[in-house]
Amino acid sequence: MSGYAADTAASRGLALCHVCFKLSPVEQHICPRCGEHLHLRTPDSVQRAAALLITAAILYIPANVLPIMYTEQLGNTIPSTIMGGVILLWHHKSYPIAAVIFIASVMVPMGKLFSVGYLLWSVRAGRTSSKQQRTTLYRMTEFVGRWSMIDVFVVSILVALIHLSGVIVIRPGAAAVSFAGVVIITMIAAEAFDPRLIWDAGEDADE
Amino acid sequence: MHTACLDCDLLIDLPRLEEGQRAKCPRCGYILATRPHDGFRRALAYALAGLVFLALANSFPFLSFEQSGLANVMTLPQTAMSLYAGGFTGLALLVGGFIVLVPAVMMIMLVAMLVPVVNGRHAHYLKPFARWLYRMGPWSMVEVYLIGVIVSLVKIMALATVHLGFSFWAYAAFTVCFIATISVLDRVALWDRIEELSA
């Protein structure tokens, strides 16, 4: 096997099963322990992750422009967007909650789009430096992904709880769907990216 | 036993771990394996307790809301049902899946797997269940939902009175059990044991 560093499993033609973590020769094609397909590297990792990333970036626009919920109070219907909600909480001096929503709904999804984008670019460009830092960035991206669902859950709870016909009713808005889509698609994009590609680039002078 | 690092593919000769030890990749720091004390038995106990709490969480009022003398009570399943009633069927399925269905199926599969595993017996469904368990892992959002509830409470407190129901506490207890189950169950150890039992 050429093209892989000498101390890797891939250089000996061995593949780690990503389901049951058993190391087997890749020419067996199927993991003898759990039956999963064996690959030295996730197939089409960069292309799949990039396609999902672009999809998520497009969906992020309606998620922010459209209302995530409507408040019907005494005959008036007030739509609110994600950022609108953060600003309102800030004005009501609920700083910690405004910060939680801002981090989970704005910073984390944006950060994920940028970090997966950067990881893909760095692998394509064959960068050899800061492998450890990029691996850490990947792990953080994978870890925080689910936390962005907070805002969707908050909308679901408000819709279920605040329902007094004729007085106050909260209804879900289309942005809740787009936003859930952004969260799910970026989670799949992070999973599609194979961090071993970071380590496949040649040795760096400072490592 | 030879293994490779999942994150950087370094070939590693992994020694047998003592209880309480964990193995890290020397190159990138990925945690290769852990060996919690009596992991399988404890995971089984936490999963059983978790299932009891989840059943309770679905059976009583979750939160109640009061304004101008009127009141509304919501249950845990209504988190998803109200989205369905609002015309968002797909989103309702996702939310219901993330907060109740996926974690419930994971815990049921775990109990079904760990009962024979702890007793040293083989069961024909061990492999498919283990595969599904880890495939479902990222789609369980129990702790995210719990934080979502707390954020919602703070949002509403300004405009009305909110009471925490019995189900809220049951779901909080379920969250603790769920996290405990996953943290004492080592994936590599479980698969090694399944391989031993099916040999």
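Residues numbered from 1 in each chain as written. Chains lettered and ligands numbered in written order. Predicted model: local features only at pLDDT ≥ 70, side-chain atom pairs only at ≥ 80, totals over all residues.

Enquirer: Lay out the overall build of chain B with the relevant residues and their values.
Expert: Helices and strands together make up the secondary structure of chain B, namely 7 helices and 7 strands. For chain B, the sequential pattern of α-helices and β-strands runs β-β-β-β-α-β-β-α-α-α-α-β-α-α. Structurally, chain B occupies a C-alpha span of about 70 × 35 × 30 Å along its principal axes. In chain B, which comprises 199 residues, the share counted as buried stands at 37%. Taking as baseline every contact in chain B between residues at least 6 positions apart, the subset at least 24 positions apart corresponds to 61%. (Helix = DSSP H or I, 4+ residues; strand = E, 2+ residues; numbered from the N terminus. Buried ≥ 20, exposed ≤ 12 C-beta atoms within 10 Å, placed from the backbone. Contact = placed C-beta atoms within 7 Å.)

Enquirer: For the confidence of the model for chain A, give the residues involved together with the corresponding values.
Expert: With 97% of its residues at a pLDDT of 70 or more, chain A shows a mean pLDDT of 90. Per-element mean pLDDT across chain A ranges from 88 in helix α2 (residues 82-91) of chain A up to 96 in helix α1 (residues 45-65) of chain A. (pLDDT = per-residue confidence, 0-100.)

Enquirer: So what's going on with the pairing of strand β5 (residues 61-67) of chain B? Residues and values would help.
Expert: All names here are of chain B. Summarising the sheet, β5 and strand β6 (residues 70-75) pair through 6 bridges and their orientation is antiparallel. Along β6, the bridge assignment pairs Pro-61 with Thr-75. Taking the residues that link successive antiparallel strands as the turn, the β5-β6 hairpin has 2 residues, and the phi of Ser-68 there is positive, at about 45°. (Pairing = 2+ DSSP bridges.)

Enquirer: Could you give me a rundown of the interface of chain B and chain A, with the residues and numbers involved?
Expert: Taken together, the 49 residues of chain B in the interface contact 48 residues of chain A. Sorting the residues of the side of chain B that touches chain A by element identifies β1 (2-4), β5, β6, α2 (78-85), α3 (89-118), α4 (126-136), α5 (142-157) and α7 (187-198) of chain B as the ones contributing at least two each. Looking at the side of chain B that touches chain A, the element that brings in the most residues is α5 of chain B, giving 10 residues.

Enquirer: Explain the sheet that holds strand β4 (residues 76-80) of chain A to me, using residue names and the numbers behind them.
Expert: Residue and element names in this part refer to chain A. Ordered by their spatial adjacency, 4 strands build an open sheet running β4-β3-β6-β5, and the pairing between neighbours is antiparallel. The open sheet has two edge strands, β4 and β5 (163-164), and neither has a second partner. Both β5 and strand β6 (residues 168-172) contribute to a ladder of 2 bridges, which runs antiparallel. Counterpart to His-163 in the pairing with β6 is Val-169. Sheet strands in contact with helix α5 (residues 150-161) are β3 (69-73), β5 and β6, and its direction is about 145° off that of β6. (Axes fitted to C-alpha atoms, helices over the stretch in contact; angles between N-to-C directions.)

Enquirer: For the domain arrangement of chain B, give the residues involved together with the corresponding values.
Expert: Along its sequence, chain B is carved into domain 1 (1-35) and domain 2 (39-198). A C-alpha centroid distance of 30 Å is found between domain 1 of chain B and domain 2 of chain B. (Domains from an automatic or database assignment.)

Enquirer: I'd like a rundown of the domain arrangement of chain A, residues and numbers included.
Expert: By domain assignment, chain A separates into domain 1 (1-40) and domain 2 (44-200). Placing a centre on the C-alpha atoms of domain 1 of chain A and another on those of domain 2 of chain A gives a separation of 34 Å.

Enquirer: Could you give me a rundown of the packing of helix α1 (residues 39-57) of chain B against helix α6 (residues 166-184) of chain B, with the residues and numbers involved?
Expert: All names here are of chain B. Direction vectors running N to C along α1 and α6 enclose 160°, while the axes themselves pass 8 Å from each other. Between α1 and α6, the angle is such that the two are roughly antiparallel. Here α1 and α6 pass one another in a crossing that is left-handed. Counting all contacts with α1, which are made through Gly-39, Arg-42, Ala-43, Tyr-46, Ala-47, Ala-49, Gly-50, Phe-53, Leu-54, Leu-56 and Ala-57, the residues of α6 involved are Ser-167, Ala-170, Tyr-171, Ala-173, Phe-174, Cys-177, Phe-178, Ala-180, Thr-181 and Val-184. Classifying every residue of the contact of α1 with α6 gives 16 nonpolar, 4 polar and 1 charged. (Parallel < 35°, antiparallel > 145°, perpendicular 65-115°, else oblique. Left-handed = near helix turned anticlockwise from the far one by under 90°. Nonpolar A, V, L, I, M, F, W, Y, C, P; charged D, E, K, R; others polar.)

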